[in-house]
Every structure is written in C-alpha cells, then in structure tokens.
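Letter by letter, the chains look like this.
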2 protein chains.
Amino acid sequence: MLSHSVEEGPLVNRFRACWDELAPVGRDAGSGGYLRYAFTPPELRLRDWFRDQAAARGMALTEDGNGNLFAWWGDPGTGDAGSDGAILTGSHFDSVPHGGAYDGPLGIVSAFLAIDELRAAGMAPARPVGVAAFVEEEGGRFGVPCLGSRLFAGAIDPDRAAALTDAAGTTFAAALGRRPAGARPDLLGNLGGYVELHVEQGRALAEVGAPVGVASAIWPHGRWRLEFTGEANHAGTTRMADRRDPMLTYAFTVLAANKEARLRGAHATVGRVRVEPNATNAIPSRVTGWLDARAAEPETLTELVAALRTKAAERARRDGTELVVVEESATPPVAFDTDLGARLARLLAAPALPTAAGHDAGVLAGHVPTAMLFVRNPTGVSHSPAEAAGDADCAAGVRALAEVLAELACR
Amino acid sequence: MLSHSVEEGPLVNRFRACWDELAPVGRDAGSGGYLRYAFTPPELRLRDWFRDQAAARGMALTEDGNGNLFAWWGDPGTGDAGSDGAILTGSHFDSVPHGGAYDGPLGIVSAFLAIDELRAAGMAPARPVGVAAFVEEEGGRFGVPCLGSRLFAGAIDPDRAAALTDAAGTTFAAALGRRPAGARPDLLGNLGGYVELHVEQGRALAEVGAPVGVASAIWPHGRWRLEFTGEANHAGTTRMADRRDPMLTYAFTVLAANKEARLRGAHATVGRVRVEPNATNAIPSRVTGWLDARAAEPETLTELVAALRTKAAERARRDGTELVVVEESATPPVAFDTDLGARLARLLAAPALPTAAGHDAGVLAGHVPTAMLFVRNPTGVSHSPAEAAGDADCAAGVRALAEVLAELACR
C-alpha cells in the first residue's frame, strides 16, 4: 500500500519512497541485478503491488485475458468509438536475467505518480487514462519479446503463445492459468493513444545534457539462431587435422558478426550460446549461438546477415562443419506517430532520438498513435545492474509524463 | 547374472552376449550415447553387474573406501610384501556426457572374459589377479579425471575429493556415502603390476592394420579455465564502440588456441563454455571457457599455453575486457614401464603407440609397473556415440589380455 506517497512531500521524495518499495523485489544478492521473469514470484509480487496502487487511488482494474493489467483513471467504458478514445501509458515489470531496476517498472511507477500530480493540480480526465502493465516484454522467460502486447494487439497467434515454454518446460498457458485470449479489438478500438516512459538505453541524453527525450523511431531488428554441427570426439586423442569442431566455426562467426556490424554502423551481438556435450575433454558435436542484430535501415540489416551467412559458410567448409541459420524473429522499423512526437517534443522542449531497443510501444504503434519518453541514464548501460537513473531525472520524467497526459487527456 | 557366458560357445559370441547385457544401461535414446556418471543409477547398475560377475566366478570382492571395486582370482591376501604381488587389470564404468560404449567398460568385460579363457585352459593364478572398476575416471560428474585411482594412489587429498560437487551441488562424499578413505598403501603395496585394456582413441591401429596394440606413453596434458569478464549491456542499444564484450575475446582465444596447437603439433580444444547472463539481447558480463591442451613434450605444452596467454591478453586489451587463466589440472607425461611394455609387445607381436588421453593406468604408473593394451577403433572417434570396435577385435583383445595374464600371473 502506498498511502504515504499519494499526497505528501516533494515529488522527488515521493518517487524515492515508491521506488524503495519495489527495490528489493526479485533482486539477486550476488549480481545486484533483477530476476523478475513473467509470473514468477517476484513478478507476481509486482502485479499485486500494481493492484494495490490502483486500489489506493480508486482506479478500476481490468485484465485482458493475456496477462496484461490495466488501471483506469476515469471510466474506461466512456472511451467508445464515438469519442477520442482512452490514453494509455505504462510499461512492464519483467526483467532480463540480472537486468537493471528501471527498465520497465520506471514507466509504471511514473504513470501512477503522474496521475497523482494531475489530481493534486485539480485536473480531471477528459478522456479515460489507463496505466498498463504488459507481461513478458523482455521475452526472458518464454523467448518472445513483447509477448503481452503482441497478444493484445493480435500480432501473435494465441495458440502459438500458449505453447511457448520456459527452460523448465512450463508453457505460457500454464503460467497464465488459461489459454491466452489473444487480440482484443474491443479494448484496442477504444484507445486513442499510447505513451510509454522508459529509462534510456544509451547515452544520447547524457551527451546533450537533457533529463528527458522523445523517441522518434525504433530500429528494425531480428534474432537468428545459428546452429553449427560437427563431430563429437576426444579432445586429447583426435588429431587436429581429423577434427570437425563446430566451436571453431562458431568463434569465427562471432568475430565476423562484430566486424560486419561495425562496417555498417549497425549493432550485432552473440550473447547466448549452447554447447553439446559441453565437456572439457570433448570436441563439441553442436554449438548453437543466437545473433541479435539491429540497424537504422532494414536494407542494412539484410545486407549484414547475408554477408555473415556467406563468411560463416566459407569457414564451415574449411572446418568440416555445417551451419544452419534460422530466423527466430524479425521486427520491421517502427516510426512513431510524427505529429504526436513533434507535439510532445515542443511541449516538453525535449530532444528527439531513435532507439535500437524493442518495446511494447513498437507493437502498439501499428494500431494507435504512439510515443515514447526517455529518462536520462548516466551510465548508458542497460540490461545490467549498472543501468541507472537519478531521482531528480526520474521526477522530471514524472512531470513530463504528467504534462503529456494533461495535454492529451485532461480538462 | 552371466551363467551362459562363463563356459560356452566361441569367444566372439560370449563377448557379444556379455556386451549385450551392458548395452542398454545408461544409453540416451536421442544421441545413442551414454550417460553413465559416477554413482548415478546407470553406473550403480553397472557396479551391481560387476558384483554379479565376481559372484558367478567365485571371485572375492573387495572395496577400498574410495568407490573403487576389486574382484579377485586367487586370494588377494597372498600378495604380501614377500611375494611378487598381485597383477591388477580392469578400467572404469563411467562415461563422458553422451560418450561411447567401449571407453572403460571394454577393459572390465575383457578382464572377466580373459580369466574365463585362462580357467578354461586349465590355468591357475601363481599370484592373485584382480579386476578393478575405478570410479569417476572421466571426471564427468565431479570434474577431476581419474578421481578413484588418484584417491587409491594418494594423488589427491581425500578432503578435497570429498568436497568436489556435481552440477546439482551434491558432493563426492555424499555420492560415495562416506568420506573417501584416500591412499591405500596397504593395497597398493601388494600390487606387482597393472595392465589396462582400452579401446583406442585414434586411428593408429586401423592405419597399421593391427587389432591390438601396446601403449608406450601418455602425453602430458592439462586443463585451464579461461575467465573473460566484460560489462553486461543491452545488445540493441549499446554502440559497438562502447562495448566491453567478453564473447569477442573468448572467440578470438578459441581460434588462437587452435592455431597455436597446429603450429606445434600439439592438441588444443575448447569444448566447454559458460556464459552469464546468456541472454540473446544482452552483451555478456562473463564468458568462461575451458582449454584442454596436450602435447608429446611438456615444454611444448608450456610454450603453447604461454603463447595463448599473450595473444588473448592483447586481444582483451583491445576489447576492454579482462582475462584470468586458472590452471585446473596439469598431468606430467607418463612413460609406461619400458621392460613390461617391450615384453608385452613381443609377446603379442603388437605395435607400440603413444596416447594423448589420460587413464587410471597413468596414475598407477607412478607406483607399480604398468602397461596398457589398445583395441582397434575403426572410426578413431572417441567420447562420442561414433566410437566403435568390432566384435572380432574385442575378442582379440580378450585373448591378448589372457596371454598377458598367463605370462605375468599364471602357472
């Protein structure tokens, strides 16, 4: 419960008090990072906290049958087709493994505090304002990023989503407790806009000295599974010339991906690998790596992956190994609503910047006018405990989001 | 029980009947390889089988308090300091992950069948003949190869061995059911020799067309843990120039290890890796690789590792990462007993060849005259389901071992 923070004290103190409530939930004592996977105990505690926040403010709570939660300031039923529709804001609770504190939760906390600001200023909603907590944004448990918003927007088949499994074999349907409802055009059709506030995942705001920015676009990006197969054999007794070692082809490909990305001003990462049998004294039979690649233009991304395939295939021939490349996901570029973005940048006198990270806002942008606000991250580090945001900048983010909601939804 | 195979039929059929009893134990239906880790249910079944084999032959069973089993033809108590001591033969039951059928069990099966041959020929032991099943030879569960023979020979501190853990955190002491007894000079002092029969882990015998060979030496070898640390960060948003990605330093080092080994006629492998956090959209904070390196001369091995350290450290500076190299094990070269080896090679008219694999025989060679026999492996593949040995060659191995035991221990 949050009774102390709804009304009293300077905003920066209220932000800190609220933030301190969440800080211990799911924090790993070893790394200092967070393990807040969807529907695991820490994320369930955060969902309970969300319900408490809504109740403390007298906000109606709705769910969409996909695991996404919504808390409403104003009656969501009034956002019918004849009106301008509701304005949604919010983000997600789940984290990558050992991720930072701000990625996701900052957008939800800021949404509640922004509504407090508006109420304290005597404003009322001219159209409903919803606070959203989307589930499985990072894809950290079931492997598909933005799973909750994709289901909500009809961008993924609910049966496919239901069958996704975590590392222990639990399905998304089992974790959710039901077959996901899938697309909710009834809810989506009542939305007039979505504004997501997020910690910046780079140093652009730090470099220009601004606490808050407005997103202009999301880079296209994709994930490719690289399956290298060779022949398991004894590490000690097998002559070097007789080996078919897929670890060599993998290692070459990791370095080539880095080089091809640098050549093109793109980003490429191999951050996940699986080895069979993964024994010190055995040449592997199989090495699987996952490539994450992103670029400002989709053509650049296509060229990068094509060049990498060619080089890796050449190396595989030399190593006597085989390579299969499977595209696991491909996300086209997202241009956020130009009018809305320009309006918010003017309103906030904030710089506009692109991002290379996927977000639920990228999914919703295909359906409703969508914008994102970023809060300065002095380290520029993301998906790591070193992710950071100052309390004063977080308070500035709350004020900016309140200004945006006042402009778009209040009277 | 093995009543049918003790007495009847041609040796090749008796070998096959005995082999078929073991074939299903611990075989993974997917890979066709074996998961026979020390003290897991498949290995416990093989230990029961060992006890049954001893009982069926009226052989006394002894244990050494370290997990090693011995079955005796002749009274082991007669091998006192005043006599020539007992002759030990045997091998191990445990496998690497998804290893082959022959590596280990062939030596134990061949030992029992060789004793059957000698008995059928009316021979009797002039000195006790022991069949040994050493535990955890591969180090596949607790990480230290030849753990059972090292304990038996006093080559590892029993408290250190007791505290070794498997992937689930179970200690060796818990798996064994007691603190290991450690060095058994009382037993070791009663041994007059050790002869281990093993499937060849290469193609030397296939190339010279011989079914059986005699080992001349074991190459020196070692394991080094390579710990690469960098900075976890978002795979999408972090500029390439801002990264400190330990996967790049790891990949470079894998390729450099291969190159440095080829330059020196040595063997180097990185077959095991662990990544943190191991997520597709996160630059890793840490990548740990394990280097297995072997060479004919210890100086070559030292040079190889030194050259690799230098190159990897240079690359780490470029990548903004850090590298720590920890020597996990170092095994000096083993020259088997020259007289015994030459005597057996003459006796069997078999070629002599070195091996780059570690064996319990390598541990015992420091204490008693030791020799190894190899059985031809037509694929040359080892530590893999593709490991092979023909039934006729296995029968030739049994006959060769019987000849050796007749020469060394019978009247």
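Residues numbered from 1 in each chain as written. Chains lettered and ligands numbered in written order. Predicted model: local features only at pLDDT ≥ 70, side-chain atom pairs only at ≥ 80, totals over all residues. Heavy atoms only, no water.

Draft legend 1. Summary view of the overall build of chain A. Broken down by element type, chain A carries 14 helices and 15 strands. Against the compact-globule benchmark of 22 Å for 411 residues, chain A has a radius of gyration of 23 Å, which places it among compact chains. In terms of overall dimensions, chain A has a C-alpha envelope of 80 × 45 × 40 Å along the principal axes. Sorting the 411 residues of chain A into buried and exposed places 60% on the buried side. Carbon and sulfur atoms provide 51% of the accessible area of chain A, an area that totals close to 14,500 Å². Computing the positive centroid from 39 side-chain charges and the negative centroid from 50, chain A places the two 5 Å apart. (Helix = DSSP H or I, 4+ residues; strand = E, 2+ residues; numbered from the N terminus. Rg over C-alpha atoms; globule rule 2.2 N^0.38 Å. Buried < 20%, exposed > 50% of the residue type's maximum accessible area, 1.4 Å probe, protein only. Areas by Shrake-Rupley, 256 points an atom, 1.4 Å probe, with all protein chains shown as cover. Lys, Arg positive; Asp, Glu negative; His and termini not counted. Charge placed at Lys NZ, Arg CZ, Asp CG, Glu CD.)

Draft legend 2. Summary view of helix α11 (residues 298-319) of chain B. Between its terminal C-alpha atoms α11 of chain B stretches 31 Å, which fits the 32 Å expected from 22 residues at 1.5 Å a residue. Taken together, the buried positions of α11 of chain B are T300, L301, L304, V305, A307, L308, A312, R315, A316 and D319 of chain B. Where α11 of chain B is buried, its residues contact α10 (246-264) of chain A together with β7 (221-229), α10 (246-264), β11 (286-294) and β12 (322-331) of chain B. The positive-phi residue at the C-terminal boundary of α11 of chain B is G320 of chain B, with phi of around 70°. (Expected span 1.5 Å × (residues − 1). Contact = heavy atoms within 4.5 Å.)

Draft legend 3. Local environment of the interface of chain A and chain B. On the chain B side, the residues contacting the 58 residues of chain A number 58 residues. Roughly 5,100 Å² is buried in total at the junction of chain A and chain B, and carbon and sulfur atoms are behind 56% of that figure. Three residues, M240, L255 and T280 of chain A, lead the burial of chain A against chain B; their summed loss comes to 14% of the area buried on that side. Across the contact surface, chain A and chain B share four salt bridges. Among the ionic pairs, R239 of chain A bridges to E207 of chain B, the shortest N-O distance being 3.1 Å. Here chain A is connected to chain B by 26 residue pairs in polar contact (both at pLDDT 80 or more). (Buried area = accessible area lost by both parts, 1.4 Å probe. Salt bridge = Lys/Arg side-chain N within 4 Å of Asp/Glu carboxyl O. Polar contact = N/O pair within 3.5 Å; in protein donor to acceptor, adjacent residues only side chain to side chain.)

Draft legend 4. Local environment of the sheet that holds strand β12 (residues 322-331) of chain A. Residue and element names in this part refer to chain A. Across the sheet, four strands lie side by side as β9-β11-β7-β12; this open sheet has antiparallel pairing. Where the open sheet ends on each side, the last strands, each with one partner, are β9 (267-276) and β12. Put simply, the sheet's adjacent strands are angled 15° from each other on average, direction ignored. Relative to β12, strand β7 (residues 221-229) is paired through nine bridges, and the arrangement is antiparallel. By the bridge assignment, W224 is partnered in β12 with E327. Here α10 sits on the sheet and contacts β7, β9 and β11 (286-294); the angle it forms with β9, its principal contact strand, is near 170°. (Pairing = 2+ DSSP bridges. Axes fitted to C-alpha atoms, helices over the stretch in contact; angles between N-to-C directions.)

Draft legend 5. View of the relation of the copies chain A and chain B. Note on the identical chains: chain A maps onto chain B by a rotation of 180° and an axial translation of 0.0 Å, with an RMSD of 0.1 Å. On this basis, the relationship between the two copies can be described by a two-fold rotation axis. Relative to the rotation axis, the C-alpha of A251 of chain A is the closest in chain A, positioned 2.1 Å from it. Both copies contact each other with a shared surface, as 100% of the interface residues of chain A are interface residues in chain B too. (Least-squares fit on C-alpha atoms with pLDDT ≥ 70 in both.)

Draft legend 6. Representation of the state of the cysteines. What the rule picks out here adds up to zero disulfides over all chains. Unpaired in terms of disulfides, C394 of chain A finds its nearest cysteine sulfur in C18 of chain A, a separation of 11 Å. (Disulfide = S-S within 2.5 Å.)

Draft legend 7. Highlighting the sheet that holds β7 of chain B. Residues and elements named next belong to chain B. Sheet architecture is open: four strands sit in the order β9-β11-β7-β12, paired in antiparallel fashion. Only two strands of the sheet have a single neighbouring strand rather than two, namely β9 (267-276) and β12. Strand-to-strand, the axes of this sheet are offset by a mean angle of 15°, without reference to chain direction. With respect to the sheet, α10 is in contact with β7, β9 and β11, its orientation differing from that of β9 by roughly 170°. On top of the sheet, α11 reaches β7, β11 and β12; it is set at about 5° to β7, its chief contact.

Draft legend 8. Layout of the pattern of salt bridges. One pass over the structure, following the stated rule, counts 46 salt bridges over all chains. Across the pair R376 of chain A and D393 of chain A runs a salt bridge, and its minimum N-O distance is 2.8 Å. Remark: D393 of chain A occurs in helix α14 (residues 391-409) and R376 of chain A occurs in the loop between β15 (370-375) and α14; sequence separation between them is 17 residues. Judged by relative accessible area, D393 of chain A falls into the buried class, the value being 12%. Because the salt bridges share partners, they merge into one network encompassing R203 and E207 of chain A together with R239 and D242 of chain B.

Draft legend 9. Structural view of the domain arrangement of chain A. Residue and element names in this part refer to chain A. Looking at chain A, the domain boundaries give domain 1 (3-219 + 333-409) and domain 2 (221-331). Between the C-alpha centres of domain 1 and domain 2 there is a distance of 35 Å. Listed by partner, the interface residues are nine residues for domain 1 and nine residues for domain 2. Both faces combined, the contact of domain 1 with domain 2 buries some 790 Å², and carbon together with sulfur accounts for 54% of it. Applying the counting rule to domain 1 against domain 2 returns zero salt bridges. Summed over the shared surface of domain 1 and domain 2, the number is two residue pairs in polar contact (both at pLDDT 80 or more). For the side of domain 1 that touches domain 2, the residue count by class is five nonpolar, two polar and two charged. (Domains from an automatic or database assignment. Nonpolar A, V, L, I, M, F, W, Y, C, P; charged D, E, K, R; others polar.)

Draft legend 10. Here's a closer look at the packing of aromatic side chains. A complete count under the given rule lists 28 aromatic pairs over all chains for this structure. Where F70 of chain B meets W72 of chain B, the ring centres are 6.3 Å apart and the plane angle is 25°; that geometry is what we call stacked. Neither F70 of chain B nor W72 of chain B differs from the other in exposure class; each is buried. One aromatic cluster in this structure is built from F70, W72, F134, F152 and Y194 of chain A. A cation sits over an aromatic face here: R272 of chain B above W290 of chain B, 3.8 Å from the ring centre. (Phe/Tyr/Trp six-rings, centres within 6.5 Å; stacked < 30°, edge-to-face > 60°. Lys NZ or Arg CZ within 6 Å of the ring centre and 35° of its normal.)

Draft legend 11. A look at the side chain of S382 of chain B. Topologically, S382 of chain B is positioned in the loop between β15 (370-375) and α14 (391-409). Given a relative accessible area of 0%, S382 of chain B falls into the buried group. Discounting chain neighbours no more than four positions away, the residues touching S382 of chain B are A232, N233, H234 and T237 of chain A together with D103, Q201 and E387 of chain B.

Draft legend 12. Region of the structure containing the nonpolar core. The biggest cluster of nonpolar side chains holds 59 residues, and the ones touching the most others in it are F50, L106, V131 and L373 of chain B. If one sorts the elements of this core by residue count, α14 of chain B sits on top with 12 residues. In this structure L106 of chain B touches F15, W19, L197, V199, V375 and C394 of chain B, once residues within four positions along its chain are discounted. W49, M59, A71 and V131 of chain A belong to the second largest nonpolar core, which has 58 residues in total. (Core = buried A, V, L, I, M, F, W, Y, C linked by side-chain atoms within 4.5 Å.)

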